[in-house]
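Chain by chain, the residues run as shown.
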Amino acid sequence: LPEPGGQCVALYPDKPIYDVPGIPVCTGRELAAQLLAQARPFVPADGSTLHLNQQVMSLAVDDAHPLGKHRFHLKSGAGTEFMARCVIVSAGAGAFVHKALAIPGLDTAQAPANLHHQLLNANIAAPWAGQHLVVAGGGDEALQTVLDLANANITQGPARLTLLHRRDQFQAEASLEAAVRGLISSGQVQLVLGVPQACELDTSGTQPVLRALTLSTADGAAPLMLDHLLVRLGMSPKLGPLSEWGLALERKQVSVNPSTFESSVPGIYAVGDINTYPGKKRLLLCGFHEATLAAHAASLALHPETPQHLLYTTTSPLLHQRLGLI
Ligand SMILES: Cc1cc2nc3c(=O)[nH]c(=O)nc-3n(C[C@H](O)[C@H](O)[C@H](O)COP(=O)(O)OP(=O)(O)OC[C@H]3O[C@@H](n4cnc5c(N)ncnc54)[C@H](O)[C@@H]3O)c2cc1C
């Protein structure tokens, strides 16, 4: 994902959470922001220790590595590589990927150049600026996108904005729906009802370009011409490459020892929704506990000769130093 926060940020950023100890209520996005602020001594604001927008594709044991046994070799789809002595997997229900429109031609390995799934960095001129953009979807994500684009400045906003949905009923927050209905009534946004069945592609260049969608509508098949298509159907988690990392799995979750959260591969730990053990509960609170015990177990495994003392943040000078307080 482009930002940290997992499900809290991707699936329920504005919903209230009431069961995180010590925080009577906060939204998903607020919790992620608080956790990041707390982790700041170890995750600096310059992002140098955070590697976003890429999926870990492989995790292998590299016994031949000169630094010794159990050197884990991680590789991301973007080409980032790490060698590590221990790894903590916190992959939730899998990597979040944008839901795609299921039409022949749009799910090919070579996607059309004018097919998009996310809004772009506000500092970069949007490719659809001054053109006809169709936003597909009828949930919070699609409607918020339409609202943002209708209010966007000249470098980000399309000249013509169409919202495409299968029926004249949205699954979004009432206030968001009211705002988008207002844009439709005033003519700033055109609402097109129909289900995409096929597409027209121009394949004369190096990368295909989407010219039109063929919609199934109440009046039969109808073409929808467009310059750019932004699909906003939400996100869904996919376990993806994790199933090939050689970890013992039970119903698509990593089996762990509940006293250390170590997986079947010594040195690889799993915490949060991705793991399973007797009594497992998929709750934020449980993830915090599991991460704590996994960190202690990993520390002991990495430094077996060093006595492992439990230190309190309230009183330990060492922890104060690590937190940058002294
Ligand atoms: C609608 C909803 C409401 C909820 N409300 C509550 C609540 O009120 N209280 C509560 O305690 N819990 C709640 N939960 C559950 C809670 O959100 C989860 O237990 C928690 O988010 C699990 O955290 P996690 O870090 O294990 O996984 P996730 O939050 O799923 O994060 C995993 C992250 O890893 C990334 N990832 C996965 N695989 C890869 C890969 N190969 N490469 C790179 N990145 C990868 C994913 O993209 C994701 O960002 C709710 C869940 C939902 C869906």
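Residues numbered from 1 in each chain as written. Predicted model: local features only at pLDDT ≥ 70, side-chain atom pairs only at ≥ 80, totals over all residues. Heavy atoms only, no water.

Focus on the side chain of Asn 114
Tracing the chain through its elements places Asn 114 in the loop between strand E7 (95-98) and strand E8 (115-116). A distance of 2.7 Å separates a polar side-chain atom of Asn 114 from the backbone oxygen of Leu 210. Not counting chain neighbours up to four residues away, the residues in contact with Asn 114 comprise Val 209, Leu 210, Leu 226, Asp 227, His 228 and Leu 229. (Helix = DSSP H or I, 4+ residues; strand = E, 2+ residues; numbered from the N terminus. Polar contact = N/O pair within 3.5 Å; in protein donor to acceptor, adjacent residues only side chain to side chain. Contact = heavy atoms within 4.5 Å.)

Here's the deal with helix H3 (residues 140-150)
Buried within H3 we find Ala 142, Leu 143, Thr 145, Val 146, Leu 147 and Leu 149. On its buried side, H3 packs onto strand E9 (132-136), strand E10 (160-165), helix H4 (174-185) and strand E15 (228-231). (Buried < 20%, exposed > 50% of the residue type's maximum accessible area, 1.4 Å probe, protein only.)

Comments concerning the site of the ligand
Around the ligand sit 22 residues in total, of which Gln 7, Tyr 12, Val 56, Asp 273 and Leu 284 are the nearest. Backbone polar atom of Phe 96 to an oxygen atom of the ligand: 3.1 Å apart, as the coordinates give it. Relative to its free-state accessible area of 1,000 Å², the ligand is covered by the protein chains to the extent of 74%. Counting only elements with at least two residues in the shell around the ligand, the list comes to helix H1 (6-10) and E7. Here the shell around the ligand is built from residues that sort into 11 nonpolar, eight polar and three charged. (Near = heavy atom within 4 Å. Areas by Shrake-Rupley, 256 points an atom, 1.4 Å probe, with all protein chains shown as cover. Nonpolar A, V, L, I, M, F, W, Y, C, P; charged D, E, K, R; others polar.)

Section: the packing of aromatic side chains
A complete count under the given rule lists one aromatic pair for this structure. Note on Phe 261 and Tyr 277: the rings are 5.3 Å apart at their centroids and 75° apart in plane angle, and the pair reads as edge-to-face. Note that Phe 261 is positioned in the loop between strand E18 (253-255) and strand E19 (268-270) and Tyr 277 in the loop between strand E20 (275-276) and helix H5 (284-302), a separation of 16 residues in sequence. Given the relative accessible area of 16%, Tyr 277 is considered buried. (Phe/Tyr/Trp six-rings, centres within 6.5 Å; stacked < 30°, edge-to-face > 60°.)

Quick notes on H5
Side chains that are three or four residues apart share a direction in an α-helix, a result of its 3.6 residues per turn. Along its 19 residues, H5 runs 27 Å from first to last C-alpha, staying within 8% of the 27 Å computed at 1.5 Å per residue. Turning to H5, its buried residues number three or more, namely Cys 286, Gly 287, Glu 290, Ala 294, Ala 297 and Ala 298. All buried residues of H5 lie within an arc of 100° about the axis, which places them on one face of the element. In the core, the buried residues of H5 are packed alongside strand E6 (87-89), E19 and E20. (Expected span 1.5 Å × (residues − 1). Arc of directions from axis to C-beta.)

These values are about where atoms sit, not about what they do.
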